[in-house]
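Now for the letters of each chain:
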Amino acid sequence: MMPKKVAIMQPYFLPYLGYFQLLKLVDEFVIYDNIQFSKSGWFHRNRILEHNSIKYITLPLQKDSDFLNVNERCLATNFDIQRVKLLSRVKNAYHKAPYFDTVYPLIEAILFFDSHNLFDFTLNSIQKLCDYLAIDYTITVSSQVAVNHDLRGQDKVLAICKAVNGTVYVNPEGGIDLYSQSEFASNGISLQFLTFKPQKYSQFSSSFQSHLSILDVMMHNSVQTIQTFLSEDYELK
């Protein structure tokens, strides 16, 4: 039987290239919807180059409890107006980029998705980006996995891996101190970490800025070039 690689991640808004490397690498990508929202996370924001400086683009949200899960948060009631402003910022920032004419309609379609639920909105954007990048993917929403959803941390990850018959769990290297290889091994699961190695490409900035939104990568590179980045610019151990 072939090993089945699984990754579990939070839903990020227009995430960086390493997110899609992980998604492409695994056989099943589980995305958390029943996880607590954090204003300091990447659920509703990311970074782009705007006038040669790193700036944040942010989805405006309705004011609500800080203790709600991502799938319980909603975009602001005036998002119909705000998304036009957000699109205008993207256009002003990247209209001279080599792949603007190809990428801009995709970003427009993402921002005009007909849902104000934050999780649904973000999930749709990730799926559309995968389609554009020609990534063959299987995405599973965490709340649909039959596990005890009161579990936390490593225990929940192990439960989800078992529930989806995963034999290899791949996590970004930032989580290396969160998980125990021996604990995973005792549950019949191999634990691996992915190290993202950003590939430099031509940008508007005089010095290369890594870990920006995938938006920046797509504006400056062809799909074929990005496919190379996705397949080669990482280390798995």
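Worth saying up front: this structure is predicted, and the values here are computed from it rather than measured.

1. A few points about helix α4 (residues 118-132)
For step 1, the next point in the chain: Taking 1.5 Å as the rise per residue, α4 with 15 residues should run 21 Å; its terminal C-alpha atoms sit 21 Å apart, in good agreement.
For step 2, the next point in the chain: Burial analysis of α4 places 11 of its 15 residues in the buried class, which makes it a mostly covered element.
For step 3, the next point in the chain: For α4, every residue scored as buried is listed here: Leu118, Phe119, Phe121, Thr122, Leu123, Asn124, Ser125, Ile126, Leu129, Cys130 and Tyr132.
For step 4, the next point in the chain: Residue Asn117 occupies the N-cap position of α4, its side-chain oxygen lying 3.0 Å from the main-chain nitrogen of Phe119.
For step 5, the next point in the chain: The positive-phi residue at the C-terminal boundary of α4 is Ala134, with phi of around 60 degrees.

2. Describing the pattern of salt bridges
For step 1, the next point in the chain: Counted by the stated rule, this structure contains 5 salt bridges.
For step 2, the next point in the chain: For Lys4, the salt bridge identified is with Glu28, shortest N-O distance 2.6 Å. Remark: Glu28 occurs in strand β2 (residues 28-31) and Lys4 occurs in the segment before β1 (5-9); sequence separation between them is 24 residues.

3. Here's the deal with the pairing of strand β4 (residues 53-58)
For step 1, the next point in the chain: Relative to β4, strand β3 (residues 45-50) is paired through 6 bridges, and the arrangement is antiparallel. Its bridge partner being in β4, Arg45 is matched across the sheet by Thr58.

4. Topic: the environment of Gln224
For step 1, the next point in the chain: You can see Gln224 is positioned in helix α8 (residues 223-232).
For step 2, the next point in the chain: Sequence spacing of Gln224 and Ala134 is 90 residues, and the spatial spacing of their C-alpha atoms is 9.3 Å.

5. With respect to the sheet that holds β2
For step 1, the next point in the chain: What the 6 strands build is an open sheet, ordered β5-β2-β1-β6-β7-β8; its pairing is mixed. Whereas interior strands pair on both sides, the edge strands pair on one side only; in this sheet they are β5 (139-141) and β8 (234-236). When strand polarity is set aside, the average angle formed by the axes of neighbouring strands in this sheet is 25 degrees.
For step 2, the next point in the chain: Across 4 bridges, β1 lies against β2 in parallel orientation. Residue Ile8 lies in a different strand from β2, and its bridge partner there is Val30.

6. Notes on the packing of aromatic side chains
For step 1, the next point in the chain: Across all of its chains, the model carries 15 aromatic pairs by this definition.
For step 2, the next point in the chain: When the ring of Trp42 is compared with that of Tyr56, the centres are 6.1 Å apart and the planes differ by 20 degrees; the resulting orientation is stacked. Here Trp42, found in the loop between β2 and β3, pairs with Tyr56, found in strand β4; they are 14 residues apart in sequence, far enough to count as distant.
For step 3, the next point in the chain: Ring geometry for Tyr169 against Phe184: centres 5.7 Å apart, planes inclined by 10 degrees, an arrangement best described as stacked. Separated by 15 residues along the polypeptide, Tyr169 in strand β6 (residues 168-172) and Phe184 in helix α6 (residues 181-186) bring together distant segments of the chain.
For step 4, the next point in the chain: Ring pairing ties together the aromatic residues Tyr12, Tyr19, Phe20 and Phe29, which thus form one cluster.
For step 5, the next point in the chain: One residue, Arg73, lies across the ring of Phe37, its end atom 4.7 Å from the ring centre.
For step 6, the next point in the chain: When the ring centre of Phe112 is taken as origin, the NZ or CZ atom of Arg83, which lies over that ring, is 4.8 Å away.

7. A short note on the environment of Gln181
For step 1, the next point in the chain: Structurally, Gln181 is set in helix α6.
For step 2, the next point in the chain: The exposure class of Gln181 is partly exposed, given its relative accessible area of 47%.
For step 3, the next point in the chain: C-alpha of Gln181 to C-alpha of Thr225: the two residues are 44 residues apart in sequence and 34 Å apart in space.
For step 4, the next point in the chain: Other than its neighbours up to four places away in sequence, Gln181 contacts Leu191 and Phe193.

8. Some thoughts on the nonpolar core
For step 1, the next point in the chain: Grouped together as the largest cluster of nonpolar side chains are 83 residues, with contacts concentrated most on Phe29, Tyr94 and Met218.
For step 2, the next point in the chain: For this core, the element with the highest residue contribution is α4, accounting for 8 residues.
For step 3, the next point in the chain: Once you skip the residues sitting within four places of it in the chain, Met218 turns out to touch Tyr99, Val103, Leu106, Ile107, Leu129, Tyr132, Leu133 and Ile226.

9. Notes on the side chain of Glu50
For step 1, the next point in the chain: Within the secondary structure layout, Glu50 lies in strand β3.
For step 2, the next point in the chain: At a separation of 2.6 Å, a polar atom in the side chain of Glu50 contacts the side chain of Arg89.
For step 3, the next point in the chain: In this view, Glu50 contacts Lys55, Arg89 and Ala93; residues no more than four positions away in its chain are not counted.

10. Examining the pairing of β6
Looking down a regular strand, the side chains alternate between one sheet face and the other.
For step 1, the next point in the chain: Within β6, 4 of the 5 residues are buried, leaving the element largely enclosed by the surrounding structure.
For step 2, the next point in the chain: With 2 bridges joining them, β1 and β6 adopt parallel strand pairing. Note on β6: the bridge partner recorded for Lys5 is Val168.
For step 3, the next point in the chain: In this sheet, strand β7 (residues 190-196) lies alongside β6 in parallel orientation, the contact comprising 5 bridges. By the bridge assignment for β7, Asn171 is matched with Phe193.

Basis of the calculations
- Residues numbered from 1 in each chain as written.
- Predicted model: local features only at pLDDT ≥ 70, side-chain atom pairs only at ≥ 80, totals over all residues.
- Heavy atoms only, no water.
- Helix = DSSP H or I, 4+ residues; strand = E, 2+ residues; numbered from the N terminus.
- Expected span 1.5 Å × (residues − 1).
- Buried < 20%, exposed > 50% of the residue type's maximum accessible area, 1.4 Å probe, protein only.
- Polar contact = N/O pair within 3.5 Å; in protein donor to acceptor, adjacent residues only side chain to side chain.
- Salt bridge = Lys/Arg side-chain N within 4 Å of Asp/Glu carboxyl O.
- Pairing = 2+ DSSP bridges.
- Axes fitted to C-alpha atoms, helices over the stretch in contact; angles between N-to-C directions.
- Phe/Tyr/Trp six-rings, centres within 6.5 Å; stacked < 30°, edge-to-face > 60°.
- Lys NZ or Arg CZ within 6 Å of the ring centre and 35° of its normal.
- Contact = heavy atoms within 4.5 Å.
- Core = buried A, V, L, I, M, F, W, Y, C linked by side-chain atoms within 4.5 Å.

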